[in-house]
Structure formats: C-alpha cells, structure tokens
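Each chain is listed here by its residues.
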Amino acid sequence: MKLVHRNLARNGPGSAKLLPEEEDDLWHAYNLIAVGDSLQAVTVRKVLRDSASGGRDAERVKLKLEIVVESVDYDKEGNVLRVRGKNITENDHVKIGQFHTLELELKRPFVLRKEYWDWLALDTIQQACDPTASADLAVILMQEGLAHLFLIGRSITATRSRVETSIPRKHGPAIAGYESALKKFFEHVLQALLKHIDFEVVQCVVIASPGFTKDQFRDYMHLEAARRDLRVIIENKSRIILAHAPSGYKHSLKEVLDTPGVMSLIKDTKAAQEVQALKEFFTMLTNDSARACYGPKHVEVAHERLAIQTLLMTDTLFRNTDIASRRKYVNLVESVKKYGGTVHIFSSMHVSGDQLAQLTGIAAILRFPLPDLEDIEM
Amino acid sequence: VPKTDNQSDLEGPHRNAGPWLCSICSQQNDTSCMSCEVCGVLRDLSLYFNNTNEPEGGAKRRNKHSGVSVLARSLFTPSSPKSKAIVFSDGFRGNKNATGHMQASLGTLHKTFMTHKQRHNIVPFKFDIPSPDDMVSIGLKSSRHLRKADTSVPCVDIPGKMVMGDDDLVAEKDTSTDPSSSVKLDELGGNSSSVAANTRNETLILDNELQHLSLERKPKNSKAKIKKPVPVSQYKPEPWMLQGEDQEMPRQLNLAIVGHVDSGKSTLCGRLLHALGRISKKQMHKNEKEAKEKGKGSFAYAWAMDESADERARGITMNVGVAYFDTKNYQVVMLDSPGHKDFVPNMISGVTQADAAVLVVDASLGSFESGMGVNGVGQTKEHSQLIRSFGVENLIVAVNKMDSVEYSAERFNYVKSQLGIFLRSCGYKESAITWVPLSAMENENLVTAASDTRLSSWFHGTCLLEAIDSSAAPHRDVSKPLRLPICDVISSHVLGQVAVCGKVVCGAIRSDSKVLVMPSGELATVKIIERDSSRLSSARAGDNIAIGLQGIDPIHVMSGGVLCHPDYPVSVASSLELKILVLDITVPILPGLQFELHAHHAKVSASLVRIVSLLDQKTGKASARKPRMLTARQAAVVEVRLEREVCVEEFGTLKALGRAFLRSQGSTVAVGVVTRVVQRELELQ
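Keep in mind that this is a model prediction, so the values were computed, not measured. Here the residue numbering is sequential within each chain, running from 1 through the sequence in written order. Chain letters start at A and ligand numbers start at 1, both assigned in the order the entries are written. Since the coordinates come from a predicted model, pLDDT governs what is reported: local features require at least 70, and pairs of side-chain atoms require 80 or more to be given and counted, while whole-chain, interface and lining totals use all residues. Hydrogens are left out, water is left out, and the side-chain values use all remaining heavy atoms of the structure.

### Some thoughts on the overall build of chain B
- A count of helices and strands for chain B gives 20 helices and 24 strands.
- Exposure classes here rest on a 1.4 Å probe applied to the protein chains alone. A residue is buried below 20% of its type maximum, exposed above 50%, and partly exposed in between. With 685 residues in all, chain B has 59% of them scored as buried.
- Any two residues whose heavy atoms approach within 4.5 Å at even a single point are treated as in contact. For chain B, long-range pairs separated by at least 24 residues make up 72% of all intrachain contacts whose partners lie at least 6 apart in sequence. Starting at the N terminus, helices and strands are each numbered in turn, a helix being any DSSP run of H or I of at least four residues and a strand any DSSP run of E of at least two.

Structure follows, in structure tokens:
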C-alpha cells in the first residue's frame, strides 16, 4: 500500500489517500474501513436517462463518488473489496442519499475519511505501507492423497489449490495401482505448483508432509523438470526446501511455519510472530495454567488486576459493526500497552489467527498466576 | 373398502434387492435384465411393486411410485436420464431403487404408453378409475377424492367384481406393460373369487398407498436423493443373510499387528506366512537375494509384506499390508500396520477393522524403552491405546527379539511388568492379555513351541499361532442393515473399474444386490465379491472382502465412505457431539483446537467448537461448570465441527461406526465415541 496523502490527527478526524498495490493491501483496507467512515473512489455506475422520445437509455458513467459506509465485504478468493453506502457528493447522475457500492481494486487510489483515527487504524496503515515485512512464501502441504498449496503473504494466507485423490493401499499384485495413483497425484500437485507459484514474487517454496511424501514429490518434481525442461523449477532449485508436517490439512501449517528451517526464513514477518505468540500462550498454559487465560470476561478481569503481559487478539474483534465495542477493544489494547504489556493483533486470515478466533478471539499471557479465574464463569 | 389399512402401514418397508423374481412365471432373473428371461415380462412390474418376491409371505405388493406412470415420471424428470429424483415419488421411502438402468428406456416408455391405451380398451369401468396421469394431478389434492372414486365403482355389491374393480386400479397404477399381465388381470376378473384373498391383500396395500399419496406428496422432493432414514429397528434381515451363518467355512478373524517402529512387525508377519507356507520358495528366495543386494539381509521376511519400492528402500512399513492365512479355527486376515510415528493415520485407517491384535514389542535393551516413550510418545503406548479404543479386548503381546537378550526370563518379566501396568491402565483385562516371548528372526515360538533350550527351559505357554487361534470369537451382527466402511478404492481387471475393500461391519451383502454409497448417496450394484482372491456369492458381518461395483462413477466412491442398505442409509454429519477421553498430552485442549478426526476409515480436518462438560472419571457424571480446558486423562463431552461430512453412527447404535480418534500435531490427543450426530437437515434450517 502506498500512502499518497495524509491529513489527519491522531485520535481525531482527518483523511488519508491510499493506493493498494498488492493483494494483501485489500485485506488491510478491509480492516481499515469501518461503518460510518466516508470513502471516496472512482467508480462506474449505470445511469438511466429518459430521452426526449419517451424511451429510456442506459449509460455507464465513470464517476468519482464519496459514500458513507454501511457495509464492507471482502472476498478472500477473488480478492475484491466491496463497500456499500449512501452517496454524499453532489453529482449530475447520482442523487445524494442514493445507494452505491464501490469496488476497490488494486492500483486504484481511494480516500478514506474518519471521524476518529484510533491507534489501531494508524498502525494498520503503517503496517500496510511497510514493504520489508512481506513474507511471500509458498507452502505445499501434503500427505498421501491430499495436498494444499498456500501462498502466505504479510497478513493473509490464501489457499490457492487443493488436490485430493484416492490412493489405494498396497494390495499384493495390485501394487502397480498404488504407484500409478501416486504418480498421478504428484502430477496434479506439480501442475498446481507451476500454475500458482510465481518465483518472481515468492521468495521460497516449502514442501511439507509427514513421512516421505515430500521427498518422493521432490524427486518426482526434479525428474519431471529435467525431462520436460521446466526452466522455472530447474533455475529455482535452491529456493525449494523441505519441512516436516504432522499432516496435510490446513491447520498443520502452523507447525510447518514453526520448524526451524522455515522460521529462519520468515522470522520478521507477521505470520511468524503470530505463530510464536500463540505457541508461547500454549506453552504457558501447559506449564502454569493459572498464568494464561482466554475469553473476553477472563481477559478483562486479568486486565483490571494489571496482570496482562502479552495480549493476543484477532482483527475480527475490531471489525465489529458495533462502534462501542470496537472502541472498548481499542482502549483495552492501549491501556495494556500503557502498563508495559505487549500486544499481538492476529490476522484472521492466517492459520494461527484462525485458531485464536475460535478460541473466542482474545487470550492473554499473565505476569502472575490468577488461579481464581478458574472459578469465574466464562 | 377395508378399514384395516392403517395396520399395513406399520409393517416395515422390506425390500429385496437381490435377483428379482418374475411375477408371472417365478423365474429368478438377474438384476441386469430388464425383462424376464422365460416369459419376457418386464421387470418394471416388480419395480413398481418392489416387493413381489417375499419368500414366504405371498404376493404382498407395494406400489412404490405411488401410481405415477412411467410416462408421467419421465415427463417430470426430463433433465437427465440418470436423475434419481423422481418428482412424484414419496418422500419416505423414495426412489433409491429406481436408479440408472431401472429408469425405463424410451422403448419401454413408448410401449407402456401404448399398452396403457390398449388396456383401456380391454378393461371395463375405465371411466371410474383415474388414469395414471390423472392421478398425478389428483394426487396433489387429497386421496379422499380418489378413495371416493374407488368406492363409487358401480358394482360394489358383488364382492368379486369389487375386487376386480380394485384390481383394475392396481393395474392402472402399476402400469404393467406386458400383454400377458393384462391377460392375467382378465383372468383375475374371471375367477376373482379364487384369488380374492390374494387381491384383497393387494387392495389393502393399494389403499394404504393411496393414503400415502396424500400424506407424502408434498412438494418437498429437494432431498429426494437421501431419504429420510427408516428407523433401524424396523429392519428385518432377509433369510439368505441368516442362513448358513453357523456352518460355512472357518470364520474370519481380522488380526492387527501393531507396535513401535522397528519392533519387527513386518518380519514377524513374513515369518509367519513363510512358516505356514503362504510364501512360495521362489518368492522367498527372490526377496532374500534382493534384500542382500541392498545390504539389508535381515529385511528379507519383512519384504514379503512391504512391497512398494519406497518401503523397501527405507526399510519401514508405510501402509497397512494385508495377508491371509488359516488356523484351525479361523481364517485370519493379517493387517500389518506401520509403526512409524508419521504413519499412525495410515495405521488408524487400516486397522480400525481389527477383531484382535498382536502387540509386538522389542525386548532388546533400549528399544523397549523407546517404544514406551521415554523420550516423547512411544508408539507401543499409542498403538495399544488406539487398539483398545478400536474395541479390541483381547491382546496378544509378542515380546520379539528375545534372541538379542539371550532369551532371558528376567528381561521378559521386566517387559511384562512394565507394559502390563500400562495396558491395565488402558482398560485391558489381565486375563485378556496373552504374553508370548519369541524371536521372529530365529523362528522361535512362532508356529511351534520353542526349541531353543534357553527359552523352553522357563517358558511353557503357547506359541504365537496357538495364541492367535485361541482368541475369542468376535461378535458378528448379521441382523442389522448392511454397513461396510470403505477402506480402500481400487480398480483391477478382475473386480472392474470401481472396486472397494473393507470389512462388513454388520448385515450381509450378496452379489447383484443394490447398495447405497454414502456420503455421495449414489446407488450401485454389487457385481463381484472376493475374499483373498476367491469368489464368494455373499458375505456377512465380519468378513473382509473386496467388492466390484457397477453402475456408479468412480468419483462417488471414496475411501472413508460407507456402503449401506439402500433403505437404511448411514447418518451423515458435519457436526458431532463426542464423549472423549484425553490421552497423555502435554499441551491442554482448548476450544478452537484444530485436529484430524479419524472415524473408521474416514479422516477429516475438524475443530473443537466447545467443551460441553467435564465428566467425572469415577462416576461419569457431568460437572456443572464449563471447564476452561482439558488436560491429560480427563473425560469430557465436546462438540466438534468437521470440515467435511463423514458417515458416522451414534456409538449406541453401531459401535464400529461410532468411534472417533482425535489427532493433533502428529500425535493422538484423544479417543472418543459419538454420542450425538447433528443431522444435516437440521443444520440447513
């Protein structure tokens, strides 16, 4: 994201002009734009006009509109952000108060005006505009018969492809069926890899699986690359690494990112920090369960006693349509910071964030044990 | 019109999916034939009254399609000839049977239409009886109307005639196509008194059917593919399933070989097969030579089980291997499972069908300890816990590699005491564990009693083969509707394009019968049944078989699915309530935990939605408060959401399909049983 222009006060009103450049940026925009903000962007609208003869003409007009946001939709697969709201700019074609849906696209700037730029919004902009924090890692997570291809960006993990084939177990003479089914499966994965991974963008590709599937696939890939002269793979051989995974399902991605080889590649990125933070939480829960808590109620109680050392939250909580509750969470984050705690805002588009979201979306590691939390109803 | 019709309503829809019996000449016909081989009567007759051939009950015919003619049905299902949703079929016992090839071809359709006309010329009282097409339209109203028409047949006063009138209606409804059948009808009319009882019976059913017309003909055919399951309690096994249950050949015993990696499971299997003459000399020689060439001489026996190039190259088993041998009492299906940690999922999906198990432990110093998980989780422990939760009660512990410890009784007793404590904590009874010291490499105490004096001097128990032979006979449930979890989907020359492997959990299956493949909800016909490469005509609960299917697209058949009785589909769910027992874990279980759920052969990614309650270990009572998390050795009721639908049953209904295993981060975190299946229909609402 590029910050083109800024005219705002911290904790006050103002506007910012932003230019999304990568797919990740739309996700950030999604987190930035809240109900009640006003958003200006260039858009196309079909306009009906009554002609002199009494007929009606439909015409598509390019307009610059500003709307007051009523709802925001993010499509994770198609990477489109749609913002619906009421028009507030005077215009020949669209009346004030008429509904319009702006579709935000890459490389098209938009101006966001907020009544109140809180700490979180500014932080999001800062993160989005930081070009160094990008991970851009591709992970092929596989087990026999099942493979997922993920692209891990700064704040989103996108499932680009899923391959599933039924591979027979060994059956005496029918062992050939197993071999050929496995070959076919690998071929599908290889095709997905060639189709979805752009080595210009992706820093490295991690092939992860339990057992030896990863080695088998790597061997197959290199063999096929040499045979079919697949330049992309031959040239980027050194950027393809192997890692162990407990299974081929999406949630195993956490463990893959946590393996030392992969961790060193991505250690500065948000994804890696999230994985680490969640791991710390679970370690604390294992070792001293009174020093870790989750759920809004428990976290609140812990905060009242100034016990929070690390606060883990998902961004879904801030996207709450209810402004008051967003304000509440922002205040919580700010005051935790004020008392010397650290805060991790998880992207719900990463696996670790997804897991946290299911764990009520909020959790904390405490400075000192609070055993009586156990007795407070959640 | 008799008033007892409601009673006939109560009797369960009892269907025969096997070879069909011609209603005219009682010739047994193959399912694939559209018409009788002897007299040429169209099969449709039996399709519409799908119950023509009750072995003893006489002609109890039930009109399944509620009087919708072939023409009408084809008109209302124009889109695809394969479409299984027939618009006006009744919702309760819908049209699963009337799939694919049973759908009338255009030719039959034409014929039907023609004869239908023709019959109008033959039969009297045609004005009073609604034609099939009329009935389609009338059916949307109440059946009252129809019944009125029924009673208003002019010649009610003469019983014989009345029967004829009703019978006529039957004829109209069933749209029987063959001239001979209308001849029969004429005969019926002629000497109706002689067959009155019979036809009256039909009338009852017809009447009952008419009631269903009004009850069930709501426009709710959206889910016609998967019918509302008929309660299993109504199921009556067909005679062929029960007969010959006790005689037959020696019964099958599914024997799982489990244990820690490198404890010698495959070698033990290979050795056992060799000793029993199941491996030819030539084959053994070949294995020995190849193993030596690779510098792995000691793997020669293991290679009898590990056939894939990868397994041989790495010297470990990766997938469950299957082998067969016979003992005095049993026909044993040996399932050689992989011991490596990474392949526990394969082990689970391959071995859930086990009736008995051999736990192989390595007696040599250090290896036994690592299997017990001195550092990390050992698979000796994990496997024996899993095997217990598969429902296996009897365990044979084979203490292998006794040669490496000089057949020391001391070491054996040490292993026995250490492992014994753990096994008892898993819930094995002391008396159900058989301990057998042996050496697979030196062939000691496998099929014959020990010959080495160092062993025979102190051990006087049974050898492994005897121990296997004397395991308790597994319980077989033939009287329940068919359930066969698909372990494996294969295709071979013998079995055809689509073939499945698995163990019949309950019920029975025979060739040419129809089965419902869940969760896709497609029907298929059983073509071939094979056990250990020998053909069978039928198989019963407990048999481990391969089945060649016909009339189904391979994409609908996935391992982890279930073949079931067409009328009693297995429940399919994506949300479950489980009662789980947490194993020895370090990281506690919290809501939001993402894990792999294994149930029979199915595995699916799932997440823990919430912890419903904590159960007291001793009393089993649920705690009042919702726990924050679950730690090792706790029992709890939890709710899980699955990423995809799987076929499961509540544990109380069917144990084999009601077990679940939760794995996370490469180890088994909990085992459990399904206490409640959240139905798909409910979820949609």
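### Focus on the environment of B:Ser425
- Relative to the elements of secondary structure, B:Ser425 occurs in helix 17 (residues 409–426).
- The exposure class assigned to B:Ser425 is partly exposed, which follows from its relative accessible area of 42%.

### Here's the deal with the confidence of the model for chain B
Residue and element names in this part refer to chain B.
- Chain-level statistics for chain B give a pLDDT mean of 72 and a share of 62% at 70 or above.
- Element-level mean pLDDT values for chain B span from 43 in helix 7 (residues 159–174) up to 91 in strand 6 (residues 356–362).
- Each residue gets a pLDDT score, which is the predictor's confidence in that residue and runs from 0 to 100. For the stretch residues 78–105, pLDDT sits under 50, and the model shows 78 contacts to residues farther than four places along the chain or on other chains.
- Here the complex is predicted with pTM 0.70, and the ipTM for its interfaces comes to 0.78.

### Comments concerning the packing of helix 8 (residues 270–287) of chain A against helix 11 (residues 351–358) of chain A
All names here are of chain A.
- Between N-to-C directions, angles span 0 to 180 degrees; the directions come from axes that are lines fitted to C-alpha atoms, helices contributing only their stretch in contact. The N-to-C vectors of helix 8 and helix 11 enclose an angle of 40°; their axes lie 8 Å apart at closest approach. Looking at the two axes, helix 8 sits oblique to helix 11. For the pair helix 8 and helix 11, the sense of crossing is left-handed. Counting all contacts with helix 8, which are made through Glu274, Val275, Leu278 and Phe282, the residues of helix 11 involved are Ser352, Gly353, Gln355 and Leu356.
- A per-class count over the contact of helix 8 with helix 11 returns four nonpolar, three polar and one charged. Roughly parallel here means an angle under 35 degrees, roughly antiparallel means over 145, roughly perpendicular means 65 to 115, and every remaining angle is called oblique. Helix crossings get a hand from a simple test, with the near helix turned counterclockwise from the far one by less than a right angle marking a left-handed crossing and a clockwise turn marking a right-handed one. Classification used: nonpolar for Ala, Val, Leu, Ile, Met, Phe, Trp, Tyr, Cys and Pro, charged for Asp, Glu, Lys and Arg, polar for all others including Gly.

### Some thoughts on the sheet that holds strand 2 (residues 14–19) of chain A
Residues and elements named next belong to chain A.
- Note: two strands are recorded as paired if DSSP finds a minimum of 2 bridges between them. Spatially, the seven strands line up as an open sheet ordered 1-2-7-3-4-5-6, and their pairing is antiparallel. A strand with exactly one partner marks an edge of an open sheet, and here the two such strands are strand 1 (2–8) and strand 6 (99–104). Direction aside, neighbouring strands of the sheet carry axes that sit 40° apart on average.
- Two elements, strand 1 and strand 2, share six bridges in a ladder whose sense is antiparallel. Opposite lysine 2, over in strand 2, you have leucine 19 as the bridge partner.
- Sheet contacts for helix 1 (residues 23–32): strand 2, strand 4 (56–75), strand 5 (80–87), strand 6 and strand 7 (110–114); angle to strand 4, the most-contacted strand, approximately 70°.

### Some words on the confidence of the model for chain A
- Summing up the model confidence of chain A, the mean pLDDT is 86 and the portion of residues at 70 or higher is 96%.
- Strand 16 (residues 362–366) of chain A holds the highest mean pLDDT among the elements of chain A, 93, whereas helix 7 (residues 260–266) of chain A holds the lowest, 83.

### Overview of the interface of chain A and chain B
- Taken together, the 46 residues of chain A in the interface contact 50 residues of chain B.
- Together, the buried faces of chain A and chain B total about 4100 Å²; carbon and sulfur atoms form 51% of this surface.
- Counted as salt bridges are all cases of a side-chain nitrogen of Lys or Arg within 4 Å of a carboxyl oxygen of Asp or Glu. Seen at the junction of chain A and chain B, the total is two salt bridges.
- Under the rule applied, a polar contact is a pair of N or O atoms within 3.5 Å (in protein, one hydrogen donor and one hydrogen acceptor; residues adjacent in sequence only if both atoms are side-chain atoms). Run the count over chain A and chain B and you get 14 residue pairs in polar contact (both at pLDDT 80 or more).
- Among the secondary structure elements, those contributing two or more residues to the side of chain A that touches chain B are strand 10 (157–164), helix 3 (175–196), helix 4 (213–228), helix 6 (253–258), helix 8, strand 13 (292–294) and helix 11 of chain A.
- Residues of the side of chain A that touches chain B, tallied by class, amount to 18 nonpolar, 15 polar and 13 charged. Note on terms: buried area is the combined drop in 1.4 Å-probe accessible area of two parts once they are placed together, counting the loss on both.

### Here we look at helix 2 (residues 119–128) of chain A
Residues and elements named next belong to chain A.
- When you tally the buried positions in helix 2, you get seven out of 10 residues, the bulk of the element.
- When helix 2 is considered as a whole, its buried residues turn out to be Trp119, Leu120, Ala121, Leu122, Thr124, Ile125 and Ala128.
- Where the residues of helix 2 are buried, they touch strand 1, strand 2, helix 1, strand 7, helix 10 (323–338) and strand 15 (342–346).

### Concerning the sheet that holds strand 6 of chain B
Residues and elements named next belong to chain B.
- Pairing is mixed in the open sheet, where six strands are placed in the order 4-5-3-6-7-8. Two strands bound the open sheet, and with one partner strand each, they are strand 4 (321–326) and strand 8 (433–437). Strand after strand, the sheet turns through a mean of 25° between neighbouring axes, direction not considered.
- The pairing of strand 3 (residues 251–259) with strand 5 (residues 330–336) spans seven bridges and is parallel. What sits directly across from alanine 256, in strand 5, is leucine 335.

### Focus: the pairing of strand 9 (residues 146–152) of chain A
Residue and element names in this part refer to chain A.
- Burial within strand 9 is extensive, with six of its seven residues counted as buried.
- Of the strand pairs in this sheet, strand 8 (residues 137–143) and strand 9 are connected by seven bridges, and their pairing is antiparallel. Along strand 9, the bridge assignment pairs leucine 137 with isoleucine 152.
- In sequence, strand 8 turns back onto strand 9 through a hairpin of two residues, with glycine 145 there showing a positive phi of about 95°.
- Where strand 9 and strand 10 come together, seven bridges link them in antiparallel fashion. When the sheet's bridge partners are listed, phenylalanine 150 is paired in strand 10 with threonine 159.

### Remarks on the nonpolar core
All names here are of chain B.
- As used here, the term nonpolar core means buried Ala, Val, Leu, Ile, Met, Phe, Trp, Tyr and Cys residues forming a set that is joined through side-chain atoms within 4.5 Å. Ile387, Phe390, Val397, Val399, Leu419 and Leu423 are the most contacted members of the largest nonpolar core, which has 41 residues in total.
- Those elements giving two or more residues to this core turn out to be strand 3, strand 5, helix 14 (344–351), strand 6, helix 16 (379–389), strand 7 (395–400), helix 17 and strand 8.
- Here the limits of each domain have been adopted from an automatic or database domain assignment. Composition of this core by domain shows at least three residues from each of domain 1 (251–470) and domain 3 (572–678).
- Apart from the residues lying within four places of it in its own chain, the contact partners of valine 397 are Leu359, Val361, Leu419, Leu423, Ile433, Thr434, Trp435 and Val436.
- Counting residues in hydrophobic clusters, the runner-up holds 34 residues, among them Tyr301, Ala302, Ala440 and Cys463.

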